[in-house]
Amino acid sequence: MSKSYFDETHCAIGHPKSTFMQWMLTVDHKRIGLMYAAVMFTFFFIAVSTALLMRFELFAPGQQFIDGDTFNQAFTLHGVIMIFLFIVPGIPAVFGNIVMPLMIGAKDVSFPRLNWFTFWLYIFGSAIAIASLFTDAGFADTGWTFYAPYSLNTGTNVIFTLVAAFVLGMASILTGLNFLVTIHRLRAPGMTFFKMPLFVWGIYATAWIQLLATPVVGITLILAIMEKYFGIGIFDPSKGGDPVLFEHLFWIYSHPAVYLMILPAFGIMSEIIPVFSRREIFGYRTIALSSASIAGIGYLVWGHHLYTSGMADIAKTVFSLLTFFVAIPTGIKFYDWIATMYKGKIILSTPMLWAMGTIITFAIGGLTGVTIAMIGVDIHLQDTYYTVAHFHYAMLGGVVFLFFAGMHYWFPLVTGKMYDESKAKIAFYMQFVGFNLLWFPMFIAGFLGMPRRYFDYLPEFQIYHQFSFFGALLFIAGLVFMFWVFYKGWTKGEKVGPNPWHATTLEWHMPTSPPPLENHSKVPYVDFDPYEYHHGEPVVKFDYETMRRID
Amino acid sequence: MSNTLEGFNSQAATFAADVDQAFWINFWISIILFLSVVVPMIYFAWKYRADKVKNEDICKVTHNTSLELAWTLIPTAMLFVLFYYGYSSMKILRTMPAESQSIVVHVEGKKWSWNYTYPANKSGYIHKTAELYVPKDQNIILKMTAPLNDVLHAFYVPAFRMKEDVVPGRITKQWFNSEVIGTYDVECAEYCGTRHSYMYSKVHVIPRAEYDEWFESKKRTPGAPDVKISKGQELYESNGCAGCHSIDTDAVLVGPSLKGIGAKYDAGYLKDAIVNPDKDIPEGFTAGVMPPFTLPDADIDEIINYFNNTDKGKELYEANGCAGCHSIDSDAILVGPSLKGIGGKRDAAYLKDAILHPDKDVPEGFTAGVMPPFTLPDADVSEIIRYMQSAK
């Protein structure tokens, strides 16, 4: 019986005997990815619970369960965890780690020790963020955007959150650096950029954003800390500073960060659609280059968050125009995915259901984003529930849904086992229906003037909040059920071979299932395109011992 | 807070129709783009479902130049139509009318209240109000700011489709021209802390004549009785004290309630508490929340004077639960009839009878026996009646 990566590992320091220490010190990219997943989803559920608490409070006007200040801390906690602890590390930290090196035929990332250090930096940053929950002043109440001068004046514990965001940003930069070098240096011989799987393209585009945009928010957070504790006047108008400057600096990072989240998710979509259509993807180069162009243009559109901030009208016009340019490559990807399904053989397994569900929810998220890219309309909708619904459709209904799609898709790769397909489908339908019931009413409430971050609201908005509440219950029930299906699959699931989905990319050509410590037995030579099918079966076949083609 | 989002769909501001037009153009184009993705997806998923397709029938189509050009160029054209409408509606919203043809009102947003300062009228009097009163069909320019030690707010009138941040240390501008008489909600749309979700105000669009009459008078609000409220109360409201401290009830908003505060502390202490709030913080409250207020001594004396003479009649009106059944600020019928303007319709003797023996004369449309007789000391009854008469 050959050994998998669960049985043996390389460690950063020494050769510990205990299994626990082997996990803590592991430098294996697959184990690190799994540990990221475990920690991130723990935080994810904390943030989901916080959101549920807010939904309970918002079920009726007036105060029921928590007071205004607690509510303000709750949505800050929700935002900080979801953004900085969950979705920014997100898909790159989990699947970028687990799958990307396998896809390019590498033994690990370029800097495995740095990868290990980065993981612990992430844990350290998360611990700082959470620690402020247990201090006297309490968790920050600024919202995850930390807008000055509120963040400089509030009595709550903003310093912990700012430092945490800085440390987590550092972890993000190092992850990006590591992946960039890995993709440039460790691709299997023969694998040119245009022979890489599209998920690797997504990770690659993202890595550049992590490396180049994150320092801006790091500097901004340092300036905010200097301002708050040493009284220099950068953002605080009472000291001669300018609060709008903070908004600019913050969004110079945080808008590209949105693409940092979505591009790897689009990568997952591009993996799943051809595999479950059993044919080559339509428009490979277009999809690859659209990822790169989204990453590029994405740097120049941050000002669309500031249409009502007091910015000059000419600047608004330029930012609006540039924003429309981002919508174009995104739209093209969608048509390419749909065209991939044309005359294929559509297998509606759970990963494909999630991918198709996401096409619906992300289309809504993207198109409502176009609404608020229109300046005049955004002046009405900015900071309302319309905006809240838009970014949850894009982030939850886009990034996280595709994250879930990837979890179903790569589950047999990671665990060597299969979950219960019919139960997993029920979990999908519960979440899909619950999700739409939860968020769609907010578009209407927002259009009618329901501002975001309101602890209490005018009675005519009650009906929308109540729909959302029941949607949230259904969504969370589906979410818990999905994780239960994963748990059962992992503990009791049927063993499957290395390639249960009949997929083509290299991560499915492993000598053992789950994969061994150092991945492929030999480094393969890549003289083929990533999604080559003939009559519904993968063209390229390997002898898994020698990694020579046998087709 | 009882409040309603009044007049949302009335197309109340001249540019609201343009914003809505842009929104609906966007809506229909979005529907087209959405269907152009989702319909083929569902159709293909059904048409090429696994049990209907033989492996040999799978086609490998990876490029189709004309199709790719079509789905690049057509949506691009649609997007630029949307960009144009976003731009053109913004132009209308953001092109300020000439100040000479407008009323320029200064808006101050601060935690957690709005106040409005008008230009001086003919007699040199400057109106400072807590709600905005404007004449119909008139360009209004709002010059908005927040105190330097405050935070960001946003002045948002959903009915007018307008919003702009209020930034400490900057003056931002908005304008509107309303064609429909009515009352519209103002909301704070930029997160500003504890009572962000209670930072409402109202825009009252009133007939020109009514506005002019009020503007040239010294009345606090149009339609307010001539009974002048005390200078202290005016200062209490215009400085936003009411945003954090209730004075009629025991409710704790942000700071402690000031109900009956005049009887508990002497003037020296109260003055200190305004000028230097952190000097003595009551138990359970945090230092640093309330900013020091630098006001002229005379104003502070007026406010303290107001603390010493809060409206006993109003207190009794609320303490006895009258407000639970009778609205007094509006015409709304809660359980019994509204008492708005009752002082002008009935004399004191009738009102006293109506409190002590309600069933003696029940107004048409209401039922006898619903309201219990109230047995109160004569002095209290007179106070309540005085309050009813003074309420607008």
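Note that the coordinates shown come from a computational prediction; the quantities given were computed from them, not determined experimentally.

Visitor: It is not clear to me how unusual backbone geometry should be interpreted in this structure. Could you clarify?
Guide: Peptide bonds are mostly trans, and most non-glycine residues show a negative phi. Look at the link from S513(A) to P514(A): it is a cis peptide, with omega at -5 degrees. Structurally, P514(A) can be placed in the loop between β2 (494-495) and β3 (533-534). For the peptide bond that leads from K111(B) to W112(B), omega is -10 degrees, which places it in the cis range. Summarising the element assignment, W112(B) is placed in the loop between β1 (102-110) and β2 (113-117). The residue R278(A) is not glycine, and still its phi comes out positive at about 55 degrees. In this fold, R278(A) is placed in the loop between α10 (243-277) and α11 (284-297). You will see that R161(B), though not glycine, has its phi angle at about 60 degrees, which is positive. Looking at the secondary structure, you find R161(B) in the loop between β6 (153-157) and β7 (162-166). Relative accessible area serves as the criterion here: at 0%, R161(B) is assigned to the buried category.

Visitor: Is there a simple way to explain the packing of aromatic side chains in this structure?
Guide: Each aromatic ring pair is summarised here by two numbers: the centre-to-centre distance and the angle between the ring planes. Enumeration according to the criterion identifies 99 aromatic pairs over all chains in this entry. Seen in terms of ring centroids, F440(A) and F443(A) are 5.3 Å apart; in terms of plane orientation they differ by 70 degrees. Their pairing is edge-to-face. Taken together, the residues F440(A) and F443(A), both in helix α16 (residues 421-447) and three residues apart, mark about one turn of the helix. By relative accessible area, which is 39% here, F440(A) ends up partly exposed. The class of F443(A) is buried, set by a relative accessible area of 6%. Between Y133(B) and W214(B), the ring centres sit 5.6 Å apart and the planes meet at 50 degrees, which makes this aromatic pair tilted. With Y133(B) in strand β4 (residues 132-135) and W214(B) in helix α3 (residues 208-216), the pair connects residues that are 81 residues apart, well separated along the chain.

Visitor: Teacher, can you tell me more about the interface of chain A and chain B here?
Guide: Interfaces are often described in size by the accessible area the parts lose on coming together. Taken together, the contact pairs 90 residues of chain A with 80 residues of chain B. Of the roughly 7,400 Å² buried between chain A and chain B on both sides combined, carbon and sulfur atoms contribute 66%. Between K60(B) and E280(A) there is a salt bridge; the shortest N-O distance is 3.6 Å. At the junction of chain A and chain B, the tally comes to 25 residue pairs in polar contact (both at pLDDT 80 or more).

Calculation rules
- Along each chain, residue indices are assigned from 1 in the same order as the chain's sequence is written.
- Working convention: letters from A go to chains and numbers from 1 go to ligands, in the order in which they are written.
- At least 70 in pLDDT is required for a residue's local features to be given in this predicted model, at least 80 for side-chain atom pairs to be given and counted, and no such filter applies to totals for whole chains, interfaces and linings, which use all residues.
- Think of the side-chain values as coming from all heavy atoms in the structure, minus any hydrogens and water.
- Helix and strand definitions follow DSSP, with helices as H or I runs of at least four residues and strands as E runs of at least two, each counted in order from the N terminus.
- Partly exposed residues are those whose accessible area sits between 20% and 50% of the maximum for their type, while under 20% is buried and over 50% is exposed, using a 1.4 Å probe and protein chains only.
- Two rings from Phe, Tyr or Trp (for Trp, the six-membered ring) form a pair when their centres are within 6.5 Å of each other. A pair whose planes differ by under 30 degrees is stacked, one over 60 is edge-to-face, and the rest are tilted.
- In what follows, a contact means two residues having at least one pair of non-hydrogen atoms within 4.5 Å.
- A quick way to say it: buried area is the sum, across both parts, of accessible area lost when two parts are put together, with a 1.4 Å probe.
- Think of a salt bridge as a Lys or Arg side-chain nitrogen and an Asp or Glu carboxyl oxygen that are within 4 Å of each other.
- Pairs of N or O atoms are called polar contacts if they sit within 3.5 Å, as long as, within protein, a hydrogen donor faces a hydrogen acceptor (for residues adjacent in sequence, only side-chain-to-side-chain pairs).

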